[in-house]
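Each chain is listed here by its residues.
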There are 2 protein chains.
Amino acid sequence: MTEPSRGPFLAVDWGTTNRRVYRVVEGVVEQTERDDRGIVAVGQGGFASDVAAIRTRMGDLPMLCAGMVGSNRGWINVPYAECPADLAALADKVVWVEPGRTAIVPGVALRTAGHADVMRGEEVQLLGAVAVGLVPGDAVLCQPGTHCKWATVTGGAITQFATAMTGELFALLHKHSLLAAQMTDSVEPGPDFLRGVADAADDALLTRLFGVRADFVTGLREDAGAASYVSGLLIGTDVRAQHLGGRDIFLLADPNLGALYAAAIAAAGGRAHMIDSQAAFVGGITSIWNRLP
Amino acid sequence: MTEPSRGPFLAVDWGTTNRRVYRVVEGVVEQTERDDRGIVAVGQGGFASDVAAIRTRMGDLPMLCAGMVGSNRGWINVPYAECPADLAALADKVVWVEPGRTAIVPGVALRTAGHADVMRGEEVQLLGAVAVGLVPGDAVLCQPGTHCKWATVTGGAITQFATAMTGELFALLHKHSLLAAQMTDSVEPGPDFLRGVADAADDALLTRLFGVRADFVTGLREDAGAASYVSGLLIGTDVRAQHLGGRDIFLLADPNLGALYAAAIAAAGGRAHMIDSQAAFVGGITSIWNRLP
């Protein structure tokens, strides 16, 4: 960071189902806590009291939040920054909920040829990873999850991104589909996962999914491995649609999901690099904080 | 039909959620009824009494059933006929549940290069359509539905087929996904559906699905048309994976679903022909009946 420090603050990565709070002093995390008080658990009207409770536990400091807390399902709806967006653009569009006390970072919107895409929270990690030098200023980054983000950063700005419903589709199949009864094992980046990744190559996802049932009914395969195979099919389809070639992909993910994407990226001819997403978030939010007037 | 008639019988198309019974005399349907007494509603142990009730209503005749009634979730598990399968092969593998009184037609299984596929019930319609001259002996047929079947018939035998989870995936998205709240309109083969079919062309299904949410959040589009667009994405993906070229596709479907598939097939350069699936079923099951010893 080259910006002058604006003093200690509380940084909050406030998502749909989880929340992480950091007390940041001179760019260093002095204390952190993680809980399941995402915006769904807090609910409309509950944010001010939750924020007061955080200050009681973590210190009576100004606070900068990012993520779904700034959506129409969160505390207030903060207008998106438009692509291309860098950290300065995000700082420009920060909205103060409690003047001088509590602010929220905007998400980023992309509009191209009749299609839109949006992110809220990921932009801080993506640009933070560049700001702290974990990722080059021109790079392709991937944040797997319920809604997997693929972002192109150019000259330290998000210039392009796409969101894939990969994790949500896996959850729907796992919980509600004909295949649910078969998808009982844990997902591992082993042979079944890689078979799914390979089977994603012929763009016959809808048929391959039914094949899980048919393989079982005909006695070709047991259920062990079904969840890993379906995960491989979906992640393989997701990665393949990005046309990676031999590119370097910087992965912001927990170790389990990161290992799955790394395997699928390698199978598609890319090179995956694991990035510390907490360090990226803290770097990004601190840089935005220090740019505020 | 060239086979000698084996006398009047009751033909039952007995699926997972629906059932249709026909009293067939000399190849002609004299009476028919349809209800929701599929195998899930009947349940293990309930089949004999249901069959007795059918005979009370429709006549005390021998009965030939097809569909999921012959699965491990139905009355008894009837082993599959293997591909290639024609009507004679199905007749050979019919199993009598009540000797001389009640029999069940086998489904068809395909095993190729480490993958399997299965059907139960569709085989009677597919081969029946050929037997009664609605479809040439060499043709590609499509039966849309929860699990859409694409079948190649060669010389009057099913030689190849694939099942796509198209309808089930639509139902999962419609009922349980982030997009459910937006998918409130009815599905029509109009501009939104065709936009979905067109967007299926770049194999970015997982991203296009999230785009439905992003388009709404950014104000690019209203929710009206979201269900049709998602249907177009899925059916477009399904049709595209079949690499139709300029082929003729014979569609066995109800008018609504048939219109959607016909539109997507036309967009992919194929030519769709609607076939009467009830006439196909009656023709197929009568031919099997007349071949029994």
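The model shown is predicted, which means the values in this text are computed figures rather than measured ones. (Residues numbered from 1 in each chain as written. Chains lettered and ligands numbered in written order. Predicted model: local features only at pLDDT ≥ 70, side-chain atom pairs only at ≥ 80, totals over all residues.)

*Asks:* Where do I start with the overall build of chain A in this structure?
*Replies:* For chain A, the count of helices and strands is ten helices and 14 strands. At 20 Å, chain A has a C-alpha radius of gyration in line with the 19 Å of a compact globule built from 293 residues. Projected onto the principal axes, the alpha-carbon positions of chain A cover approximately 65 × 40 × 40 Å. Across the 293 residues that make up chain A, the buried fraction comes to 54%. When contacts within chain A are restricted to residue pairs at least 6 apart in sequence, those whose partners lie at least 24 apart make up 66%. (Helix = DSSP H or I, 4+ residues; strand = E, 2+ residues; numbered from the N terminus. Rg over C-alpha atoms; globule rule 2.2 N^0.38 Å. Buried ≥ 20, exposed ≤ 12 C-beta atoms within 10 Å, placed from the backbone. Contact = placed C-beta atoms within 7 Å.)

*Asks:* How should I be thinking about the packing of helix H5 (residues 166-176) of chain B against helix H8 (residues 226-240) of chain B in this particular structure?
*Replies:* How two helices sit against one another is set out by the angle between their axes and by the gap between those axes. Residues and elements named next belong to chain B. Axis separation between H5 and H8 bottoms out at 10 Å; the angle between their running directions is 155 degrees. By the angle between their axes, H5 is roughly antiparallel relative to H8. Here the hand of the crossing between H5 and H8 comes out right-handed. Of the residues in H8, those in contact with Thr166, Leu169, Phe170, Leu173 and His174 of H5 are Ala227, Val230, Ser231, Leu234, Ile235 and Asp238. Partitioning the contact of H5 with H8 into residue classes produces seven nonpolar, three polar and one charged. (Axes fitted to C-alpha atoms, helices over the stretch in contact; angles between N-to-C directions. Parallel < 35°, antiparallel > 145°, perpendicular 65-115°, else oblique. Left-handed = near helix turned anticlockwise from the far one by under 90°. Nonpolar A, V, L, I, M, F, W, Y, C, P; charged D, E, K, R; others polar.)

*Asks:* Explanation requested: helix H6 (residues 191-199) of chain A in the structure shown.
*Replies:* At 3.6 residues per turn, the α-helix brings residues three or four places apart onto the same side. Residue and element names in this part refer to chain A. Of all the residues in H6, the buried ones are Asp192, Phe193, Gly196, Val197 and Asp199. Down the axis of H6, the buried side of the element spans an arc of 165 degrees, and every buried residue falls inside it. Tucked into the core, H6 has its buried residues touching helix H7 (205-217), helix H8 (226-240) and helix H9 (255-267). (Arc of directions from axis to C-beta.)

*Asks:* Help me understand unusual backbone geometry in this model?
*Replies:* A negative phi angle characterises most non-glycine residues, just as the trans form characterises most peptide bonds. Residue and element names in this part refer to chain A. In this structure, Pro84 follows Cys83 across a cis peptide bond, with omega equal to -5 degrees. The residue Pro84 is located in the loop between strand S5 (81-82) and helix H3 (87-92) in this model. Unusually for a residue other than glycine, Ala113 sits at a positive phi of about 35 degrees. Structurally, Ala113 is set in the loop between strand S8 (108-112) and strand S9 (115-119). Residue classification places Ala113 among the exposed residues on the basis of 4 C-beta atoms within 10 Å.

*Asks:* Just to check I follow, could you spell out the nonpolar core for this structure?
*Replies:* Nonpolar side chains tend toward joint burial in soluble globular proteins. By size, the foremost hydrophobic cluster in this structure holds 208 residues, and its most contacted members are A:Val230, B:Ala129 and B:Val230. Filtering out sequence-adjacent residues up to four positions away, B:Val230 remains in contact with B:Phe170, B:Leu173, B:Leu179, B:Met183, B:Gly196, B:Leu209 and B:Val212. (Core = buried A, V, L, I, M, F, W, Y, C linked by C-beta atoms within 7 Å.)

*Asks:* I keep staring at the relation of the copies chain B and chain A and nothing clicks. Help me out?
*Replies:* The two chain copies are connected by a rotation around an axis plus a translation along it. In the superposition of chain B on chain A (RMSD 0.0 Å, axial shift 0.0 Å), the rotation amounts to 180 degrees. This pairing of chains is accounted for by a two-fold axis. Counting the interface residues of chain B, we find that 100% of their copies in chain A are interface residues as well, pointing to one common contact surface. (Least-squares fit on C-alpha atoms with pLDDT ≥ 70 in both.)

*Asks:* I would appreciate a short explanation of the domain arrangement of chain A in the present structure.
*Replies:* Size of an interface: often given as the accessible area lost when the parts come together. Residue and element names in this part refer to chain A. As assigned here, chain A comprises domain 1 (9-134 + 276-291) and domain 2 (166-275). Placing a centre on the C-alpha atoms of domain 1 and another on those of domain 2 gives a separation of 31 Å. Contact residues are listed per partner, giving six residues for domain 1 and four residues for domain 2. Counting residues per element, the ones that place at least two in the side of domain 1 that touches domain 2 are helix H4 (122-131) and helix H10 (277-291). Of the residues that constitute the side of domain 1 that touches domain 2, the class distribution is three nonpolar, two polar and one charged. (Domains from an automatic or database assignment.)

*Asks:* It is not clear to me how the sheet that holds strand S14 (residues 271-275) of chain B should be interpreted in this structure. Could you clarify?
*Replies:* Note: strands within a sheet are paired through backbone hydrogen bonds, in either parallel or antiparallel orientation. Residue and element names in this part refer to chain B. Taking strand neighbours across the sheet as the criterion, the five strands line up as S12-S11-S10-S13-S14 in an open arrangement whose pairing is mixed. Here the strands that pair on one side only, and so sit at the sheet edges, are strand S12 (157-164) and S14. When the angles between neighbouring strand axes are averaged without regard to direction, this sheet yields 25 degrees. Where strand S13 (residues 248-252) and S14 come together, five bridges link them in parallel fashion. Bridge pairing in S14 places Asp248 opposite Arg271. (Pairing = 2+ DSSP bridges.)

*Asks:* Which parts of the structure should I look at to understand the pairing of strand S2 (residues 19-25) of chain A?
*Replies:* A regular strand carries its side chains on alternate faces of the sheet. Residue and element names in this part refer to chain A. Here S2 lies mainly inside the structure; five of its seven residues are buried. Across six bridges, strand S1 (residues 9-14) lies against S2 in antiparallel orientation. Its bridge partner being in S2, Trp14 is matched across the sheet by Arg19. Note: S2 against strand S3 (residues 28-35), seven bridges, orientation antiparallel. Considered in S3, the bridge of Arg23 is made with Gln31. Taking the residues between adjacent antiparallel strands as the criterion, S2 and S3 are bridged by two residues, where Glu26 takes a positive phi near 55 degrees.

*Asks:* Explain the sheet that holds strand S5 (residues 81-82) of chain B to me, please; I cannot follow it from the model alone.
*Replies:* Residue and element names in this part refer to chain B. In space, the three strands of this open sheet follow the order S5-S8-S9, with mixed pairing throughout. Edge positions in the sheet fall to S5 and strand S9 (115-119), since each of these pairs with one other strand and no more. Pairing analysis gives two bridges linking S5 to strand S8 (residues 108-112), with the strands arranged parallel. Note that in S8 the partner of Glu82 across the bridge is Ala109.

*Asks:* Got a minute to help me understand the interface of chain B and chain A in this structure?
*Replies:* Chain B puts 34 residues into the contact, and the matching count from chain A is 34 residues. When residues of the side of chain B that touches chain A are traced back to their parent elements, those giving at least two are S8, S9, S12, H5, helix H7 (205-217) and H8 of chain B. By residue class, the composition of the side of chain B that touches chain A is 18 nonpolar, ten polar and six charged.

*Asks:* Before we go on, may I ask you to explain helix H2 (residues 47-58) of chain A in this structure?
*Replies:* Residue and element names in this part refer to chain A. The first and last C-alpha atoms of H2 sit 16 Å apart over twelve residues, in line with the 16 Å expected at 1.5 Å per residue. Buried within H2 we find Phe47, Val51 and Ile54. The buried residues of H2 occupy one face: seen down the axis, they fall within an arc of 55 degrees. Exposed residues lying more than 90 degrees from the buried face of H2 are Ala48, Ser49, Ala52, Ala53, Thr56 and Arg57. Contacts from the buried residues of H2 go to S1, S2, helix H1 (39-42), strand S4 (63-66) and strand S7 (102-104). Among the residues trailing H2, Gly59 stands out with phi positive, at a value near 120 degrees. (Expected span 1.5 Å × (residues − 1).)

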